[in-house]
Structure formats: C-alpha cells, structure tokens
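Here are the chains, one letter per residue:
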Amino acid sequence: MSVINPKINNDNSTDNYVDHNYGLSVTNKHNKVQLNEMFVSIEGEGILAGTKTLFIRFSGCHLKCHWCDTKYSLSPTSGKSYTISEAKYLILQHLQPNIYKINFTGGEPLLQTRSLIALADFVKNELKIKTYLESSCFDWKRFELVLPYFDICKVEFKTSDSKVIEPKSYEDLLQNELSCLDISLNRSDKISFIKIVFTNSTTLNEVRDLLSRVFERPNISNLSGITLQPSYQFDSPSTKQILKIYDEVCSFYKDVRVIPQMHKLLGMS
Ligand SMILES: Nc1nc2[nH]cc(C(=O)O)c2c(=O)[nH]1
Ligand code: SF4
Ligand SMILES: [Mg+2]
C-alpha cells in the first residue's frame, strides 16, 4: 500500500506534507493552524447524534466528494490562520456548559497533522473533554500519529459513487481506511465506529464487498456501531434503496442504524 510520508519535526522549520498518490502538497507553518469555523451545536451524525458538541472545522480537503456538504471548507486557505495559542484561546471562548465532546472535523483535519495533535492534546489532556475525530482516513500513518489524542473515531468508508479523487487511487484510499479501522479497533480504550454515506447510485455489490473486507478485521469485535447516512439533497436514495442497503449491511452487523444528517433536517449548523 502506498502511503503519505508525514515529516513531523520539532524545530522551527516548515513541515511539508507531500502526497505522492494524489499530487497533494500541503504546507503547515510551524505553530499555525488554518481553521474554517468553530461553533457549538447538536451532533447531527453518527452513533453520538444528539449530544451537545463543539465543532472545530479545519480548512482544506483534497478529496472533493461529489456530495460534500462543506465545500466552503475545501480550500486550504479558507477561513483564518491562527497560532496554536490563539486557537486554544478560541476554544476556551467557545466552551459552554454540558459540552459532551469536541469534534475535530473539516475539511480534512489530518492534513494539518501537528496542529491537530496540539489542539486535541489540549482538549483531551488539559480541558479533560472528550475528543472526536471526523476524518476521511486517507492516510493511516497520520491517523496512527494522532490516535493517542482521540477518544472517539468515526472511520468513514467512501463508496465509489462519492467520486473522490481519481478512480485509480480508489483502492489505495480504501486500503488506508481499512488500516485506520484496524489501528483504531486495536485500541480497546477507543470508541470506533463506521460511517458510510450512500446515494441513489450506491450498489449492493459494492456495499457487500466493502463489508466483507471490514468483517475480516482481526479486532472487529471492538466496533461500536455502523451508521448509514443517506446523501441529503444530492442523489438522495429512495426508501426502497435505503431498505435494501440496510438489509445488506444487516447480514454482516445487526446493530446497523440509518441516521440522516439531523442538523440539516433541523436547519442547524
Ligand atoms: N450539527 C452538526 N453535526 C455534525 N456532525 C458532523 C459534522 C461535520 O460537518 O463534520 C457536523 C456539523 O457540521 N454540524
Ligand atoms: S472528505 Fe469530507 S470534507 Fe473532504 S470532500 Fe469529502 S465530504 Fe467534503
Ligand atoms: Mg461533514
């Protein structure tokens, strides 16, 4: 499997992350983080839907999914650049009573590996608030580096109709997602669950092939859930299609849940 080679160092130089698979080149200035937005809302996705959550949206994502609902965050220069100290202060300013967890989302938070670690470390180990990683899991090496700073990992599997990257790289993305799942499941102190967004063109064959590979994982018994997310307002599946996908996943995992994006239905951010 080809992987990205993150260069993490502790000096004051610039970190250059070059992704040879996707022709991606992302530069992180030392001690800086590019954030798109920060807000408190109710978690609208996944097994913890309904919990009061502080969202930190990182800028930049190279995947450009067909149905991406946060296109405004895809440019690495969207939002604003902060020093790590400024970003920590911003987090403190956004804290409210009864926040259950802080989501590190995007965009793709793994692109800014070192800044992600600095902020997640602050939240988990200084503020003692649960940390939640929302990533496309495109690079298992970066995922492995950041995992110690996260309590909850949503491992997302993209189906080919998401039209991410070039089709020739799709298998590589899938391999990285499976490896991230392995790394997360390997740590029984983490909550790991799977999210799959599907559209009206997601095929049962693809779902079956994906789930067969997922359920070969050695520590799959540590999985905390599978949520199926119907694409919203974009190639949305019909009730019949939703039920077919449900039944397919159910043949592998009985506790599957179909959870639409609650925040979209409620008109919240
Ligand atoms: N309310 C709410 N819940 C969410 N769950 C995942 C989100 C995301 O964009 O990562 C999100 C979001 O943007 N808003
Ligand atoms: S991985 Fe997420 S942020 Fe990136 S394009 Fe896809 S949906 Fe959008
Ligand atoms: Mg999202």
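Residues numbered from 1 in each chain as written. Chains lettered and ligands numbered in written order. Predicted model: local features only at pLDDT ≥ 70, side-chain atom pairs only at ≥ 80, totals over all residues.

Draft legend 1. Just the site of ligand 2, in detail. In the region of ligand 2, the neighbouring residues are Cys61, Leu63, Lys64, Cys65, Cys68, Thr70, Leu74, Gly106, Gly107, Glu108 and Ser136. Tallied by class, residues from the shell around ligand 2 come to five nonpolar, four polar and two charged. (Near = placed C-beta within 6 Å. Nonpolar A, V, L, I, M, F, W, Y, C, P; charged D, E, K, R; others polar.)

Draft legend 2. Representation of the packing of helix 1 (residues 84-94) against helix 2 (residues 113-126). Two numbers describe how helix 1 lies on helix 2: the axes approach to 11 Å, and their chain directions differ by 40°. With respect to helix 2, the element helix 1 is oriented oblique. Between helix 1 and helix 2 lies a crossing whose hand is right-handed. Between helix 1, through Ile84, Ala87, Lys88 and Ile91, and helix 2, the contact on the second element is made entirely by Ser115, Ala118, Leu119, Phe122 and Val123. In terms of residue class, the contact of helix 1 with helix 2 is built from seven nonpolar, one polar and one charged. (Axes fitted to C-alpha atoms, helices over the stretch in contact; angles between N-to-C directions. Helix = DSSP H or I, 4+ residues; strand = E, 2+ residues; numbered from the N terminus. Parallel < 35°, antiparallel > 145°, perpendicular 65-115°, else oblique. Left-handed = near helix turned anticlockwise from the far one by under 90°. Contact = placed C-beta atoms within 7 Å.)

Draft legend 3. Summary view of the UniProt feature "binding site: S-adenosyl-L-methionine" (unreviewed entry) in the protein. Residues annotated by UniProt as "binding site: S-adenosyl-L-methionine" (unreviewed entry) correspond here to Trp67, Cys68, Asp69 and Gly107. The greatest C-alpha distance among the residues just named is 13.2 Å, despite their covering 41 residues of sequence, which places them together in space. Position of tryptophan 67 among the secondary structure elements: in the loop between strand 4 (52-58) and strand 5 (80-83). Those residues in contact with tryptophan 67 that sit more than four places away from it in its chain are Ser162, Val197, Thr199, Ser231, Phe234 and Asp235. Tracing the backbone shows cysteine 68 in the loop between strand 4 and strand 5. (UniProt positions renumbered as here; feature names shortened; annotations may be inferred.)

Draft legend 4. Here's a closer look at the sheet that holds strand 9 (residues 191-198). A sheet is described by the order of its strands in space; here nine strands give the open sequence 5-3-4-6-7-8-9-10-11, paired in mixed fashion. The sheet terminates laterally at strand 5 and strand 11 (257-258), the two strands that pair on one side only. In the sheet, strand 3 (residues 32-42) pairs with strand 4 via seven bridges, with the strands oriented antiparallel. What sits directly across from glutamate 37, in strand 4, is arginine 57. (Pairing = 2+ DSSP bridges.)

Draft legend 5. Up close: helix 6 (residues 239-250). Taking 1.5 Å of rise per residue, the twelve residues of helix 6 would be expected to cover 16 Å, and the 16 Å separating its terminal C-alpha atoms lies within 8% of that figure. Buried within helix 6 we find Ile245, Glu248 and Val249. All buried residues of helix 6 lie within an arc of 95° about the axis, which places them on one face of the element. Residues Thr239, Lys240, Leu243 and Asp247 are exposed on helix 6 and point more than 90 degrees away from its buried face. In this structure, the buried residues of helix 6 make contact with strand 9, helix 5 (204-214) and strand 10 (223-230). (Expected span 1.5 Å × (residues − 1). Buried ≥ 20, exposed ≤ 12 C-beta atoms within 10 Å, placed from the backbone. Arc of directions from axis to C-beta.)

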